Structures are given as C-alpha cells and as structure tokens.
Amino acid sequence: MKFMSEKLKFAFYWAASCGGCEIAVLDINEKILDVVAKVDIVFWPVALDIKYKDVEAMPDKHIDVCFFNGAIRTEEQEYMAKMLRKKAKVLVAFGSCACDGCVIGLGNLWNKKTIFERAYSETPSTKNPDFVTPKTSHAVKEGELELPEFFDTVKTLAQTVDVDYFLSGCPPPVPLILQAVGAIFNGELPPKGSVLMPKKSVCDECPREKKEKSLSAIKRIYEIEDDQKTCFLDQGVVCMGPATRAGCDAQCPNANVPCTGCGGPGPRVTDQGAAMISALASIATDPTVINQAVDPIGTFYKYSLANSILRRKVMKK
Amino acid sequence: MKEIIIDPITRLEGHGKITIFLNEEGDVENAYLQVPELRGFERFCEGRRAEDLPIITTRICGVCPVAHHMAGVKACDAAFNVEPTETAKKLRELEYCGYFIYDHILHFYFLGGPDFVVGPGAPAAKRNILGVIEKAGLDVAKEVIKHRAYGQKITEIIGGKATHPVTALPGGISKALSEENRQEIERMVRSCVDFAKFSLKLFDDIVLKNVDYVNLITSEPYVLKTYYMGTVDKNNKVNFYDGDIRIVDPEGNEFVKFAPSEYLDVIEEHVEPWTYVKLPYLKRIGWKGLVDGSESGIYRVGPLGRLNVADGMTTPIAQEEYERMYKTLGGKPVHATLAFHWARLIELMYATERALELVTDPGIARKDIRNKPGKAGEGVGIVEAARGTLIHHYTLDEKALAKKVNLIVATTHNAPGICMSIRDAAKGLIHNGEVSDGLLNKVEMAFRAYDPCFACATHFAIGDMPLEVEIYDDKKRLLKKLRR
C-alpha cells in the first residue's frame with residue numbers, strides 16, 4: 001500500500017536480556033533521528049505503546065526488519081520469537097544473548113529445578129522453609145495470578161526460529177549497528193545467514209604485540225604484572241581474542257584486560273570454546289598446560305554455551 | 001470479585017505486570033506487581049572464576065552495569081582480603097559518579113520528569129520527553145543528550161566499555177588515568193556541575209513554585225511510612241561507593257548501622273508463588289505482609305532512602321538542596337514517594353560535585369592502581385546503585401572459583417514498597433467499581449518514582465508510559481477497558 005508510507009517498518013524486541021542492547025541502540029545518539037526519519041518503528045515494547053495483540057493482528061511479513069535481542073528462557077519469550085518470525089521479512093538476532101545465549105546460557109549447566117532451589121531456597125538471605133516457588137498459575141485469595149513457564153534449557157533465537165542475520169557483541173558495537181542499518185537502507189544486505197560483523201578476529205584489531213607464541217603456564221589476570229603492551233597469551237593469561245569475532249576494536253585488551261569472548265565465534269569458527277582450546281593447544285609447550293585452565297566452561301564458553309556443540313549439561317534424573 | 005489487569009504495560013512487557021483485585025463493594029482489595037522473569041544468576045555464577053564475577057554480573061542490568069561491576073569487585077576485594085590502592089579507589093568512585101550522572105539525568109528528564117515538568121494533569125500525549133522539550137525548549141533537550149553522553153563517556157574512559165565495563169580487578173583497576181583523559185573528564189564534569197544546577201533550578205521553577213505540585217507530592221495516596229536503608233560514610237553522610245549501611249525507622253531514628261559483611265543479620269527475603277522476584281524485609285521485625293509502619297519489616301531504598309538515612313551531603317550545593325528539601329517537606333524522614341524525584345536531583349548535584357573533587361585530586365592519575373590479592377575466601381561487596389543498595393556476596397574455593405553467590409539488587413529491596421504504592425494509588429481512585437480515567441496516570445506515577453529496574457529501559461523511552469486496564473467481573477467477563 002504505497003499511499004501509506006514508503007518508509008521501512010522496523011521492530012525491536014527484548015527477550016531474556018539485560019537492556020544493554022537497547023542502550024546500544026540509544027548510544028547511536030543523534031543519529032537515531034536519521035534512522036527515525038527513514039523508518040517507522042512498529043513495535044518496540046520498551047518505548048512504544050504497541051501491545052502483543054497489535055503485533056498478532058499484523059499481516060504476515062508486515063514488518064520489514066525485526067531486531068530481536070535476548071535469549072529464550074521462558075514460554076512468553078518463545079511465543080514472541082515465533083510470532084515475530086512470522087510477522088517479519090527479515091529477522092536479525094541482535095546481541096550475544098540472541099546469537100549465542102550469552103552468560104544467561106550458562107544456566108544450561110543447571111535446570112529449572114536446581115536454579116529455583118538456589119534462588120528461592122538455598123541463598124542465605126532467603127527464608128523459605130516450605131520451599132514456596134513461583135508457579136505458572138497461583139490462586140491468591142482474591143483470584144488467580146499467572147506467570148510464564150521457566151524452561152529447563154536456554155535457547156538461542158536460531159534454535160527457536162529461522163534467523164536471517166546475526167549481529168553479536170555484548171552489547172553490539174555502535175559502529176556495527178550503524179553499518180547494518182546502512183546496509184538495510186541501501187539494499188546491500190549480504191546473503192541470508194551472514195554475520196553482520198567484520199570477517200576477522202579480535203586479535204586482528206588488537207594493538208598488543210604478539211611475541212613468542214608459546215604458553216608454558218596459565219595464569220589469572222590478577223596474578224600477573226601486565227606490561228600493558230604484550231599479548232595476554234604471551235603473558236600466560238587466557239584471552240579469547242583468537243576465537244572471537246572482531247568489531248569492538250579490541251576494547252577490553254586496550255583497557256588492559258583480556259577479551260572474554262562476547263563477540264561470539266570468530267569467522268569460520270562454529271564452536272568458540274573448542275576453537276579457543278585448540279588455539280591454546282597449538283601454542284602450549286606441553287599438552288598438560290591446558291589442564292591449568294580452571295573453569296573451562298565459564299572461560300571458553302562464557303557467552304556461547306547455549307550455541308555450542310555442548311549446549312547443556314545432561315542432568316541426572 | 002472483580003479483577004483489573006494492567007497487562008501488558010508496554011514498556012514493562014515481559015518484565016512487569018500489575019493486577020488489581022476489587023472486593024464485593026467494588027473497592028480495591030489488593031494489588032499485585034508481578035515480575036514474570038528470572039534468569040538465575042545466583043546459580044550459574046557458581047563455579048566461575050572470581051575475576052569473572054564482576055563481568056558476568058554486569059549482565060544483570062544493561063542500564064546499571066557499573067553498579068554490578070563495582071559491587072562485584074568489592075566482593076572480590078573482600079574475598080581476597082585485599083585493600084585496593086587509594087588511586088584505584090578514587091578511579092572507581094569517579095567512574096561511579098559518571099554512572100550516576102547519566103542514570104539520574106535520564107530518569108529525571110525522560111521518565112519521571114514529564115510528570116512534573118509537563119504536569120500530572122497534562123494530556124498523556126504530552127507527558128513525555130517530547131513534551132519536556134516543548135515546555136523547556138529544544139536547547140534543554142540538547143543539553144540532556146549531551147550530559148547523558150558525558151556520563152557514559154566518563155564510564156567508558158575509566159571502565160574500558162560504557163555498557164558492561166571491564167577494568168575493575170580484585171585489588172584495584174587495570175588502567176591508570178592519563179593526563180589527557182583526566183583533562184577530558186574534568187572538562188565534561190565541570191559542564192555536568194552546571195547542568196545539575198540548571199536541573200535543580202528547573203525543578204524549582206516548575207515544581208516547587210507550584211503549590212499544587214507540592215501538595216500532590218505530599219498527598220496521602222503517595223505516602224508510605226516505611227523504614228529506609230542506604231550507605232553512609234563515617235560521618236553519616238551519603239556515599240554511593242563505600243561505607244556502612246544505615247537503616248532508620250519510620251520516625252527517622254537509627255534502627256541499625258552495619259558493615260557490609262553483616263547484611264545477613266539484618267535482611268531476609270520472602271518468596272511468593274505469584275512473582276519471580278523475592279520480597280525482602282528486616283529480619284528482626286519479620287515478614288508481616290504488604291503493610292507499612294514500624295511493625296512491618298518493609299523498608300525502601302534509592303535516592304529518598306539514602307537521603308532519609310543520612311545526616312547530609314558532603315558537597316556544598318547538594319547539602320544546601322538537602323536542607324531545603326527537608327525544610328520544604330516538613331522534616332526527616334520524608335515518606336512521600338514522589339519526593340524520590342527531588343532526592344534524585346540532589347544526588348545528581350552531589351555526583352557532579354564529587355566527580356569534580358575526584359578528577360581534580362592530585363592523586364587521581366597516579367600509576368599505583370593495583371594491590372596483590374591474598375588468599376581466596378568469602379566477601380560481601382555493597383554499593384549504592386542508582387536505584388538503591390546493591391549487595392553481592394561471594395564465597396570462593398581454594399582455586400578462587402565461586403562456590404556460592406548471593407545477590408540482592410536495588411529494585412528487589414523496593415519491590416514490596418512498589419506493590420504497596422500501586423495499591424494505595426489505585427485505592428484512592430477506584431470506588432464502587434468505578435474506575436477513574438486518572439487511574440492510569442496515578443498508578444504510573446506511583447511506581448515511576450522508584451525508577452524500577454525491571455523497567456530499566458523506560459529510561460530512554462520516547463513515549464509516555466502506555467497503560468491498559470481491563471476490568472473483569474467475577475465471571476471473567478470484560479466489563480470495561482481503558483487504554484491510552
């Protein structure tokens with residue numbers, strides 16, 4: 001219906017996330033006015049008065065591009081992912097949670113039961129002798145109250161619905177957001193399934209000097225005297241740079257802390273953790289050095305467990 | 001019995017839901033604020049490296065990651081039994097002031113401010129940031145955007161990243177401040193001091209000089225007589241970054257003052273099956289349900305809580321404003337929920353003045369930024385997040401991996417208070433089953449004052465707070481629908 005508007009229709013949604021992706025959108029600062037001039041935002045729960053049922057009422061493929069941030073942790077989030085997939089021509093997994101599960105995905109080392117036990121019973125400040133837990137439906141004296149189901153397993157967006165593009169980072173770097181929006185405006189989007197990030201790793205953007213490329217012992221960041229210019233791996237500290245997608249200008253190594261991997265798997269890498277372990281193995285002076293890495297899951301899969309070949313821990317019945 | 005569901009409140013969709021029940025007479029029986037989401041940080045932080053906890057926990061909130069980063073690293077300092085260097089403490093606190101600057105500016109101008117600046121009686125379509133611009137001028141809007149960005153920039157320079165900072169390490173910080181960066185921060189902070197003064201003047205002109213507004217602030221539906229909690233320095237003055245935690249009773253007398261490590265002696269959390277958020281209360285008094293007064297263990301935190309527990313501010317302009325607020329509103333403690341807004345501006349003033357003290361401190365750019373951590377053990381880190389007291393408690397094993405993690409975040413402390421404020425606002429406006437159209441505004445104002453974090457994104461929302469109220473009779477038939 002051309003008479004209505006030539007503008008593109010954008011939608012934004014947040015599932016299990018922290019709100020940092022929304023802040024990243026805001027951090028394009030005054031440029032957001034240029035974007036708003038070119039698009040109609042038809043759904044953005046944090047900002048606009050448009051309800052779920054208004055989206056339900058939209059014809060299929062009504063939305064041109066939907067930026068979806070957050071992982072799928074509850075029933076309601078899964079429902080919204082499925083609905084927005086139907087309503088959007090292009091669905092972008094926006095940010096680490098939607099792409100890889102982010103730290104929320106570390107919840108896959110447990111399940112609903114054990115997460116509830118910790119949150120609602122074991123924590124030392126909680127007084128809950130009868131182990132009351134939130135219920136999807138609960139009768140209070142005045143009536144019935146409902147909550148969405150909490151799933152056992154965190155899923156990424158692409159494990160829930162078909163995704164067209166991926167833009168990771170925690171949060172996604174502002175220049176990459178502008179680049180992606182520019183590509184949409186100019187009709188220059190790459191083939192479906194592409195990652196809208198540079199085809200290089202964090203190491204390629206890192207100014208730190210790579211020297212010996214040998215690792216004889218693994219140390220913790222707070223144990224070393226960082227010389228502020230040598231590659232962290234050369235200083236014995238695990239830095240996720242080699243296995244992590246670039247686009248952040250190596251912000252963390254530039255601030256004298258190692259990359260922890262929030263950009264997700266690097267180019268041609270399917271499993272970020274496995275890629276990192278293999279990178280370490282290739283520079284280790286002795287295979288046993290790798291064993292010195294404590295908490296391998298939290299170190300190598302901090303942002304990508306839900307999207308890895310491991311995906312989750314198998315719970316004993 | 002009738003049921004009113006404010007669901008979804010768009011800006012809270014997936015993150016908050018209000019249900020109000022009426023009794024047989026059609027008056028408000030009870031109101032429930034439900035938080036329909038949980039992510040489970042306290043469980044999946046177990047097993048992680050200690051130094052990762054201040055990084056992982058920033059992902060609890062993308063609006064206040066700096067607070068989690070600092071509470072996390074302070075818990076690590078305590079657990080490793082290491083005192084950061086003086087330079088590191090100053091840098092952390094300066095970054096922290098940057099965070100308060102952007103957070104408080106956004107809340108006042110984008111979220112809470114429209115209620116007052118444009119006016120609580122103005123049409124909904126005007127009660128938003130665009131309405132603020134219209135009333136205060138486009139130049140003001142540009143200043144708002146500029147100074148919010150300054151706050152973010154200060155955080156980024158010291159923290160490495162603006163959202164989800166990374167530089168705080170057990171025993172200090174990873175990066176010293178260069179003279180060039182120091183000068184840049186000083187330039188931004190000086191501008192922020194002026195902007196804070198301007199904001200207080202704006203509040204004075206538009207709100208305080210209007211008797212109706214002042215009466216609204218102190219009016220009955222917005223008054224809750226609770227305990228208050230906040231962090232104070234050695235002289236009982238407000239401090240965001242460090243100190244002891246002080247609680248005052250509804251009369252303003254000190255109830256308890258405790259070190260962060262003693263929090264379990266003071267606070268307990270209650271679980272209800274209808275919400276994923278826990279409801280904290282004072283352990284010595286106990287959980288008495290959602291009621292206020294000195295017999296109930298419910299307390300409130302945040303800007304008003306902090307000012308109520310303290311004896312004053314350490315910086316001159318903020319102190320003047322502090323005295324003026326209590327003089328205007330009839331002495332301490334102030335129980336008027338809407339006074340949170342004024343308190344927030346006084347804190348913005350303090351944050352800028354304190355940032356100026358720190359950035360011009362001759363020691364701020366020293367290079368001694370880290371002390372070596374000791375043996376891993378147990379530690380509690382407490383800071384004042386913009387929305388209130390934030391508690392991180394870590395127990396580490398001998399490899400410095402997290403064995404147990406406990407977290408109590410600011411909005412959790414306020415959850416019982418928010419429930420009651422919503423209920424009381426609704427009670428004043430719903431009678432005999434008749435729902436006044438003003439209900440939407442008033443319910444909204446009641447919880448907006450707290451700047452609740454499950455609505456964290458409302459900070460930059462461009463619209464007004466959209467609400468929908470559906471009223472059902474006891475057979476679940478839809479009787480009336482209000483919407484805007």
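Values in this document were obtained by computation on a predicted structure and should not be read as measured data.

Caption draft 1: Here's a closer look at the overall build of chain B. Scanning chain B for helices and strands turns up 14 helices and 18 strands. Looking at chain B residue by residue over its 484 residues, the buried ones come to 64%.

Caption draft 2: Highlighting the overall build of chain A. Within chain A, the secondary structure is distributed over 11 helices and nine strands. Rg of the C-alpha trace for chain A: 22 Å, near the compact-globule value of 20 Å for 317 residues, within the 12% margin. Projecting the C-alpha coordinates of chain A onto the three principal axes gives extents of approximately 65 × 60 × 30 Å. Looking at chain A residue by residue over its 317 residues, the buried ones come to 48%. Across chain A, the fraction of contacts at a sequence separation of at least 24, relative to all contacts at a separation of at least 6, is 73%.

Caption draft 3: Here's a closer look at the confidence of the model for chain B. Residue and element names in this part refer to chain B. This prediction gives chain B a mean pLDDT of 86; 86% of its residues lie at or above 70. A low-confidence stretch, residues 8-14 (pLDDT under 50), is modelled with 33 contacts involving residues beyond four sequence positions or located in other chains. Segment residues 454-468: pLDDT under 50, and 61 contacts once partners within four positions in sequence are set aside and those in other chains are kept. Confidence metrics for the complex model read pTM 0.93 and ipTM 0.95.

Caption draft 4: Region of interest: the nonpolar core. One finds Ala11(A), Tyr13(A), Cys66(A), Phe68(A), Ala71(A), Val92(A) and Ile422(B) to be the most contacted residues of the largest nonpolar core, which totals 248 residues. A per-element tally of this core places helix 4 (residues 86-117) of chain B first, with 16 residues.

Caption draft 5: Main features of the sheet that holds strand 14 (residues 402-408) of chain B. Residue and element names in this part refer to chain B. With antiparallel pairing, three strands are arranged side by side in an open sheet as 12-13-14. Across the chains shown, the open sheet's two edge strands, defined by having one partner strand only, are strand 12 (378-385) and strand 14. Geometrically, the sheet is characterised by an average inter-axis angle of 15° between neighbouring strands, direction not taken into account. In the sheet, strand 13 (residues 388-396) pairs with strand 14 via six bridges, with the strands oriented antiparallel. Note on strand 14: the bridge partner recorded for Thr395 is Lys404. Contacts from helix 3 (residues 65-79) reach strand 12 and strand 13, with the element oriented near 150° to strand 12. Across the sheet, helix 13 (residues 410-429) lies against strand 12, strand 13 and strand 14, angled at about 130° from strand 13, the strand it touches most.

Caption draft 6: Representation of the domain arrangement of chain B within the structure. All names here are of chain B. Under the domain assignment, chain B is made up of domain 1 (42-81 + 372-404) and domain 2 (224-335). Relative placement of domain 1 and domain 2: their C-alpha centres are 23 Å apart. At the junction of the two partners, domain 1 supplies 10 residues and domain 2 supplies 13 residues. Breaking the side of domain 1 that touches domain 2 down by element, the ones donating at least two residues are strand 12 and strand 13. The greatest single-element share of the side of domain 1 that touches domain 2, amounting to five residues, is contributed by strand 12. Looking at the side of domain 1 that touches domain 2 residue by residue, the classes come out as five nonpolar, three polar and two charged.

Caption draft 7: Focus on helix 7 (residues 179-208) of chain B. Its 30 residues place the ends of helix 7 of chain B 41 Å apart at the C-alpha level, agreeing with the 44 Å of an ideal helix rising 1.5 Å per residue. What helix 7 of chain B keeps buried is the set Ile185(B), Met188(B), Val189(B), Cys192(B), Phe195(B), Ala196(B), Ser199(B), Leu200(B), Leu202(B), Phe203(B) and Val207(B).

Caption draft 8: Molecular detail of the packing of helix 7 of chain B against helix 12 (residues 340-359) of chain B. All names here are of chain B. At a minimum axis distance of 9 Å, the contact between helix 7 and helix 12 shows a crossing angle of 155°. Between helix 7 and helix 12, the angle is such that the two are roughly antiparallel. Along this stretch, helix 7 crosses helix 12, giving a crossing that reads as left-handed. Where helix 7 approaches helix 12, its residues Arg182, Ile185, Glu186, Val189, Arg190, Cys192, Val193, Ala196, Ser199, Leu200 and Phe203 are matched on the opposing element by Trp342, Leu345, Leu348, Met349, Thr352, Glu353, Ala355, Leu356 and Val359. Across the contact of helix 7 with helix 12, the residue classes tally to 14 nonpolar, two polar and four charged.

Caption draft 9: Representation of the pairing of strand 3 (residues 28-34) of chain B. Residues and elements named next belong to chain B. Counting buried positions over the seven residues of strand 3 gives six, a clear majority of the element. Here strand 2 (residues 17-22) pairs with strand 3 via six bridges, running antiparallel. By the bridge assignment, Ile20 is partnered in strand 3 with Ala31. Adjacent in sequence and paired antiparallel, strand 2 and strand 3 are bridged by five residues, among which Gly26 carries a positive phi angle near 85°.

Caption draft 10: Fine view of the packing of helix 6 (residues 138-159) of chain B against helix 7 of chain B. Residue and element names in this part refer to chain B. Following both chains from N to C, one finds helix 6 and helix 7 inclined at 145°, their axes separated by 10 Å at the closest point. As for the relative orientation of helix 6 and helix 7, their crossing is left-handed in sense. Taking contact as the criterion, the partners of Glu143, His147, Tyr150, Lys153, Ile154 and Ile157 in helix 6 are, on helix 7, Asn181, Ile185, Met188, Ser191, Cys192 and Phe195. Classifying every residue of the contact of helix 6 with helix 7 gives seven nonpolar, three polar and two charged.

Caption draft 11: Seen up close, the environment of Thr244(A). All names here are of chain A. Here Thr244 shows up in the loop between helix 8 (202-205) and helix 9 (251-254). Along the primary structure Thr244 and Pro265 are separated by 21 residues, whereas in three dimensions their C-alpha atoms are 4.9 Å apart. Every residue in contact with Thr244, bar those within four places of it in the chain, is listed here: Ser201, Val202, Cys259, Gly261, Gly263, Gly266 and Gln272.

Caption draft 12: Broad picture of the interface of chain A and chain B. Every contact between the two is made by 71 residues of chain A and, on the other side, 73 residues of chain B. For the side of chain A that touches chain B, the secondary structure elements donating two or more residues are helix 1 (20-26), strand 4 (72-74), helix 4 (75-87), helix 6 (112-122), strand 6 (137-140), strand 7 (143-146), helix 9 and helix 11 (296-300) of chain A. If you tally residues by element for the side of chain A that touches chain B, the top one is helix 1 of chain A, at six residues. Partitioning the side of chain A that touches chain B into residue classes produces 38 nonpolar, 19 polar and 14 charged.

Caption draft 13: Quick look at the domain arrangement of chain A. Looking at the assigned domains, one finds that chain A contains domain 1 (8-103 + 153-185), domain 2 (112-151) and domain 3 (202-307). Placing a centre on the C-alpha atoms of domain 2 of chain A and another on those of domain 3 of chain A gives a separation of 39 Å.

Caption draft 14: Examining the environment of Ile154(B) more closely. Residue and element names in this part refer to chain B. Assignment of secondary structure puts Ile154 in helix 6. Take Ile154: there are 27 C-beta atoms within 10 Å of it, and that puts it in the buried class. Ile154 sits 11 residues away from Glu143 along the chain, and the two C-alpha atoms are 16 Å apart. In this structure Ile154 touches Glu95, Gly98, Ile185 and Met188, once residues within four positions along its chain are discounted.

Caption draft 15: Looking closely at the sheet that holds strand 7 (residues 244-248) of chain B. All names here are of chain B. In spatial order, the strands read 8-7-6-11; together these four strands make up an open sheet with mixed pairing. Of all the strands in the sheet, the pair left with one neighbour each is strand 8 (254-258) and strand 11 (299-300). One ladder, built from two bridges, connects strand 6 (residues 227-232) with strand 11; its direction is parallel. Bridged to Tyr227 within strand 11 is Tyr299.

Caption draft 16: Structural detail: unusual backbone geometry. Cis geometry is adopted by the peptide bond preceding Pro171(A), which originates at Cys170(A) and carries an omega value of -5°. The step from Lys332(B) to Pro333(B) runs through a cis peptide bond, and the omega angle for that step is -10°. For Pro333(B), the location among the structural elements is in the loop between helix 11 (316-328) and helix 12.

Reading guide: rules and limits
Residues numbered from 1 in each chain as written. Chains lettered and ligands numbered in written order. Predicted model: local features only at pLDDT ≥ 70, side-chain atom pairs only at ≥ 80, totals over all residues. Helix = DSSP H or I, 4+ residues; strand = E, 2+ residues; numbered from the N terminus. Buried ≥ 20, exposed ≤ 12 C-beta atoms within 10 Å, placed from the backbone. Rg over C-alpha atoms; globule rule 2.2 N^0.38 Å. Contact = placed C-beta atoms within 7 Å. pLDDT = per-residue confidence, 0-100. Core = buried A, V, L, I, M, F, W, Y, C linked by C-beta atoms within 7 Å. Pairing = 2+ DSSP bridges. Axes fitted to C-alpha atoms, helices over the stretch in contact; angles between N-to-C directions. Domains from an automatic or database assignment. Nonpolar A, V, L, I, M, F, W, Y, C, P; charged D, E, K, R; others polar. Expected span 1.5 Å × (residues − 1). Parallel < 35°, antiparallel > 145°, perpendicular 65-115°, else oblique. Left-handed = near helix turned anticlockwise from the far one by under 90°.

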